Amino acid sequence: MSPISDWSEMDDLVVAHARALAADAVQKVGNGHPGTAMSLAPVAYRLFQRHLVHDPSDPQWIGRDRFILSCGHSSLTLYTQLFLSGYGLEMKDLQEFRTWGSLTPGHPEFGHTAGVEMTTGPLGQGVATAVGMAMAARYERGLLDPQSPLGNSVFDHSIWVICSDGDLQEGVSAEASSLAGTQELGSLNVIYDDNRISIEGDTHNAFTEDVSARYRAYGWHVIEVAAASNGNVDIAALDAAMVAAKKEITKPSLIRMKSVIAWPAPKAQGTAGSHGSALGDEEIAATKVALGLNPEEKFAMPAEVLAHARLLKDRAAKMRKEWDKKFASWQSSNPEQAKLLERLRAKALPAGWDSDIPIFAPGKDVATRAASGDTRQGGSEDLHCAQRAAGRALFDQPGARCRDCGCPSSGPANAPMDHGGPAHAAFRPSALARRHQPTAGRPS
Ligand SMILES: Cc1ncc(C[n+]2csc(CCOP(=O)(O)OP(=O)(O)O)c2C)c(N)n1
Ligand SMILES: [Mg+2]
């Protein structure tokens, strides 16, 4: 593995065991998706250990980065990191993978397993939800801390995504990604696992477009990371890309990373079979030999290897302490906003919220669109939805309440994007907001 200054042989060992765990978990239950979890193990490990701002002792910490595994079929990618990070998942839970009542269902489920930010499985949907989360993150800081320079607010954080070929083939991610580019959602960092394999085989059977060019055309910051010459993920190049993605705060970032599915399984690597089938005892034993592990052992995780991964808690505690200090100072200098945050977190409505809902007299024609806009926008401090008729994207203004989606205002991306807000924080989008009509045209 390519050297990075803070990557040790212990990290190699953690990753080797994580790959073997993915193979063992699928083999035990007889179904699931081992290949992608094997090849993505170093990617997710590096992200969770060094780049993601999170605190496994408090999965609801509002200052955390969000992580969404859009390719939910590779749930072991996430479960293994939740186990290694110390979110409460243990080896027993990995051994119960895909069994009834376990904390490790086939696809990650929000509200079921601590550390899972979003239910995923339908390809493309996780990317769209993440766009909604990035919008919610901007809304949150615009509402609570608009004066802080970009990147310096206690509410600034990143939304990280790992997605696969299928995610970017789906139209739902395209709609949302286009909007993310227009909205310059710089907090969004998507790692695309470009392994050129899907359930049917070579993705080039059906998918040959230049994804990088498409995302550049959307206005994204695109970084390409080639695989290492032996087929492994080039961890040093990937690490540099993660740093660059995080640094870019005015455009969403796409890290297009080449990988080899099921690496380093001798026969299964690079095959569609490894996408959704158990590898078989013989191939798993051969993979463990290639990884330098004992082929006889199943679900191996030496105590010192796990302890090394769980050193993360020290890093988390340090980040948390710094953030808590910053947050306390924000609270004392912004008492009104601090009260507002408290209310939002309690999911309480403001006193008298319904006092200025307009009443429409019977007998007078009002376009339902206009009536819904007036109703939702009651309150003098609000930006008026009618401004959308002029085609302005309002969401980038601090405290703005409207999202202008342009033409696909009732398109497939809207539902997952709308889920992103409440999943991220305390905001609930109006269901009616999705129904607004296409705007007459955008300003030049
Ligand atoms: C919208 C949608 N259609 C179909 C599926 C079924 N499905 C699950 S995984 C998969 C193939 C995915 O290939 P890729 O995204 O490249 O993942 P990889 O094999 O590289 O892990 C398909 C078609 C799905 N989960 N969601
Ligand atoms: Mg693929």
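Keep in mind it's a predicted model, so treat the numbers as computed, not measured.

Caption draft 1: Structural context of the overall build of the protein. In terms of regular secondary structure, the protein is built from 16 helices and seven strands. The burial tally for the protein puts 45% of its 444 residues in the buried class. Considering only contacts within the protein whose residues lie at least 6 apart along the sequence, 73% involve residues at least 24 apart.

Caption draft 2: How the structure looks around helix 7 (residues 171-182). Taking 1.5 Å per residue as the helical rise, helix 7 with its twelve residues ought to reach 16 Å, and the 17 Å between its terminal C-alpha atoms agrees with that figure. Counting buried positions along helix 7 gives ten out of twelve residues, so the element sits mostly inside the fold. Three or more residues of helix 7 are buried, namely Val172, Ser173, Ala174, Glu175, Ala176, Ser177, Ser178, Leu179, Ala180 and Gly181. Looking at the buried residues of helix 7, the elements they touch are helix 5 (125-144), helix 6 (165-169), strand 3 (188-194), helix 8 (211-218) and helix 16 (414-424). Backbone geometry just after helix 7 places Glu184 at a positive phi near 50°.

Caption draft 3: Quick look at the site of ligand 1. Near ligand 1 you find 18 residues, and of these Thr36, Ser164, Asp165, Gly166 and Ser198 are the closest. Within the residue set of the shell around ligand 1, elements represented by two or more residues are helix 6 and strand 4 (197-198). Per-element tally for the shell around ligand 1: the top contributor is helix 6, with three residues. Tallied by class, the residues present in the shell around ligand 1 amount to six nonpolar, nine polar and three charged.

Caption draft 4: Expanded view of the environment of Glu170. Its place among the elements puts Glu170 in the loop between helix 6 and helix 7. With 21 C-beta atoms packed within 10 Å, Glu170 lands in the buried category. Distance from Glu170 to Gly124, taken between C-alpha atoms, is 5.3 Å for residues 46 residues apart in sequence. Here Glu170 is in contact with Leu123 and Gly124, once residues within four sequence places are set aside.

Caption draft 5: Region of the structure containing the packing of helix 1 (residues 9-29) against helix 3 (residues 75-85). Where helix 1 contacts helix 3, the axes come no closer than 10 Å and their chain directions differ by 130°. Between helix 1 and helix 3, the interaxial angle falls into the category oblique. Considering the relative orientation of helix 1 and helix 3, their crossing is right-handed. Contacts from Val14, Ala18, Leu21, Ala22 and Ala25 of helix 1 reach helix 3 at Leu76, Thr80 and Leu84.

Cut-off values and rules
Residues numbered from 1 in each chain as written. Chains lettered and ligands numbered in written order. Predicted model: local features only at pLDDT ≥ 70, side-chain atom pairs only at ≥ 80, totals over all residues. Helix = DSSP H or I, 4+ residues; strand = E, 2+ residues; numbered from the N terminus. Buried ≥ 20, exposed ≤ 12 C-beta atoms within 10 Å, placed from the backbone. Contact = placed C-beta atoms within 7 Å. Expected span 1.5 Å × (residues − 1). Near = placed C-beta within 6 Å. Nonpolar A, V, L, I, M, F, W, Y, C, P; charged D, E, K, R; others polar. Axes fitted to C-alpha atoms, helices over the stretch in contact; angles between N-to-C directions. Parallel < 35°, antiparallel > 145°, perpendicular 65-115°, else oblique. Left-handed = near helix turned anticlockwise from the far one by under 90°.

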